[in-house]
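Structure at a glance
Below, each chain spelled out in residue letters.
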Amino acid sequence: MAVTIKTPEQIDILREAGRIHARILNELELLVQPGISARELDRIAEEKVRGAGAEPSFLGYRPDRHTPAYPATLCVSINEVVVHGIPTDDMIIQNGDIVSIDLGLKYQGMFTDSARTIIVGNVSRETSQLVYDTREALARGIAVARPGNTVGDIGYAVESFNNGRYGNVRELAGHGVGLAVHEDPYVPNYGKPGKGIELKPGMVLAIEPMFNLGTSDVIFHDDGYTVTTADNQASAHVEHTILITDGEPEILTES
Ligand code: MG
Ligand code: MG
C-alpha cells in the first residue's frame with residue numbers, strides 16, 4: 001500500500017483512537033503481574049477494546065496468504081521473544097520477566113499500533129537498562145520525525161543511540177499505519193541521514209525499535225508469528241503511532 005497522507009477528518013479519528021489505545025495499554029500494564037497468563041491478558045484486552053467501541057485489528061489479520069490468521073488481540077512477547085508472541089494459557093508471567101504487550105486497534109475505520117515492554121518485579125540491572133534504552137531509542141526516533149527529514153533519519157537516530165550496545169533487530173521494522181494495519185513506508189531501525197522517503201505532514205507512522213541484550217540475529221518460528229533472539233537472551237520492544245505535523249511530531253498513542 002502506498003504512502004498515504006491522512007485528511008484532517010482521519011487525523012481527528014486517529015487522535016481519538018490513540019487516546020483509547022493509550023488508556024487500554026495503561027490499564028493492561030497494571031495487570032502484568034506474576035501469576036497472570038498471557039491468554040488472560042489477551043481476553044481482558046479484547047473486552048476493553050470492544051467496550052470502547054473499537055475492534056482488535058490483529059485478530060484475524062493475515063500478513064500474507066501463506067500465514068494463518070492471527071488468533072489474538074495482543075501480541076505478548078516475554079523475555080527472549082522479540083515480537084509476535086501468541087498469548088496462551090500456559091504463558092504465565094513471572095517475577096523477573098520483561099513483557100512486551102503489543103496492541104493493534106481499529107476505530108471508526110482507522111488503525112493505531114502501540115507496544116510497551118513492562119518490567120515485572122526484580123529484573124537484572126542489565127535487562128532493565130535494556131528496556132529503558134529501548135524506550136529512549138523510540139523517543140530519539142520520534143524526535144526526528146519532522147517534515148523535510150526522511151525515514152533514514154529515524155533509523156539513524158535509533159541506531160546511533162544504540163551505538164552497538166545491544167543487538168538491533170534488522171529483519172523487522174516500523175511502518176506506515178492509519179488506513180490499514182501495515183502501510184508503506186517501511187521504517188527500519190537503522191538508516192542513513194537524509195536517505196529514503198521524505199516525511200510530510202499528514203503521514204502516520206508506527207515506530208518500533210527492538211533491542212536485544214545479545215545478538216541481533218533472530219529466529220522466525222514455524223507458527224508463522226513468534227520471533228525469538230537467536231541466543232535466547234532478552235529482547236525489548238516499544239512502539240508508538242505518530243503523526244507528522246508541520247513541526248513537532250505528535251504521539252497519537254500516548255495519554
Ligand atoms: Mg505493534
Ligand atoms: Mg507495528
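Residue positions are counted from 1 within each chain, in the order its sequence is given. Chains carry letters from A onward and ligands carry numbers from 1 onward, assigned in written order. Note on the predicted model: pLDDT of at least 70 is required for a residue's local features to be given, and 80 or more for side-chain atom pairs to be given and counted; whole-chain, interface and lining totals, by contrast, use all residues. Remark: hydrogens and water are excluded; side-chain values derive from all non-hydrogen atoms of the structure.

Pairing within the open sheet is antiparallel, and its 3 strands lie in the order 6-10-13. Looking at which strands have only one partner, the edges of the open sheet turn out to be strand 6 (167-168) and strand 13 (235-237). By the convention used here, strands pair only if DSSP detects at least 2 bridges between them. The helix count covers DSSP runs of H or I at least four residues long, the strand count covers runs of E at least two residues long, and both are numbered beginning at the N terminus. Sheet topology places strand 6 next to strand 10 (residues 210-212); 2 bridges connect them, and they run antiparallel. Along strand 10, the bridge assignment pairs Gly 167 with Asn 212.

Here we take up helix 3 (residues 125-143). What a helix is expected to span follows from its residue count: subtract one and scale by 1.5 Å. A rise of 1.5 Å per residue sets the reference length of helix 3, with its 19 residues, at 27 Å; its end C-alpha atoms lie 27 Å apart and thus fit the reference within 8%. Each residue gets one of three labels from its accessible area relative to the maximum for its type: buried under 20%, exposed over 50%, partly exposed in between, using a 1.4 Å probe on protein chains only. Where helix 3 is concerned, the buried positions are Thr 127, Ser 128, Leu 130, Val 131, Asp 133, Thr 134, Ala 137, Leu 138, Gly 141 and Ile 142.

This next bit is on the side chain of Asp 97. Positionally, Asp 97 belongs in the loop between strand 3 (81-83) and strand 4 (98-107). The convention is simple: Lys and Arg are positive, Asp and Glu are negative, and His and the chain ends are not counted. Between Lys or Arg on one side and Asp or Glu on the other, a salt bridge is scored when a side-chain nitrogen of the former is within 4 Å of a carboxyl oxygen of the latter. For the buried residue Asp 97, which engages in no salt bridge, the nearest side chain bearing the opposite charge is Arg 135, 14 Å off. Side-chain atoms alone can form a polar contact between residues adjacent in sequence; in general such a contact is a pair of N or O atoms within 3.5 Å, and within protein one must be able to donate a hydrogen while the other accepts it. From its side chain, Asp 97 meets the backbone nitrogen of Gln 94 in a polar contact 2.7 Å long. Throughout, a contact is declared for two residues whenever any of their heavy atoms are within 4.5 Å. Sequence-distant contacts of Asp 97, that is, excluding residues within four places in its chain, are made with Ile 78, Asn 79, Ile 92, Ile 118, Ile 119, Val 120 and Val 123.

Here the focus is the nonpolar core. Proteins that are soluble and globular tend to have nonpolar side chains buried together. In plain words, nonpolar cores are sets of buried Ala, Val, Leu, Ile, Met, Phe, Trp, Tyr and Cys residues tied together by side-chain atoms within 4.5 Å. With 25 residues, the main nonpolar core has Leu 28, Val 32, Leu 74, Ile 93, Val 99, Ile 101 and Leu 105 as its most contacted residues. Elements supplying a minimum of two residues to this core: helix 1 (8-31), helix 2 (38-51), strand 2 (74-78) and strand 4. Those residues in contact with Val 99 that lie beyond four places of it in its chain are Val 32, Val 76, Ser 77, Ile 78, Ile 93, Arg 116, Thr 117, Ile 118 and Val 120.

Metal sites are built from N, O and S donor atoms within 2.8 Å, or 3.2 Å for Na, K and Ca, and they leave out water, so they may look incomplete. Taken together, Asp 102 (OD), Asp 102 (OD), Asp 113 (OD) and Glu 239 (OE) make up the full set of protein donors to the magnesium ion (ligand 1), lying 2.0 to 2.5 Å away. The sequence pattern describing where the donors of the magnesium ion (ligand 1) fall on their chain is D-x10-D-x125-E. In this structure, the magnesium ion (ligand 1) lies 3.2 Å away from the magnesium ion (ligand 2), the two metals sharing Asp 113 as a donor. Here Asp 102 is found in strand 4, whereas its partner Asp 113 is found in strand 5 (residues 110-119), with 11 residues between them in sequence.

A separate point is the pattern of salt bridges. All chains considered together, the criterion is met by 15 salt bridges. For Arg 15, the salt bridge goes to Asp 12, with nearest N and O atoms at 3.4 Å. Of this pair, Arg 15 and Asp 12 both sit in helix 1, 3 residues apart, which is roughly one turn of the helix. For Asp 12, a relative accessible area of 48% gives the class partly exposed. Of the charged contacts in the structure, one is a salt bridge between Arg 19 and Glu 16, with a shortest N-O distance of 3.0 Å. Here Arg 19 pairs with Glu 16, and both are found in helix 1, just 3 residues apart, close to one helical turn. Under the relative-accessibility criterion, Arg 19 is labelled partly exposed at 49%. One salt-bridge network, in which partners are shared between bridges, spans Asp 12, Arg 15 and Glu 250.

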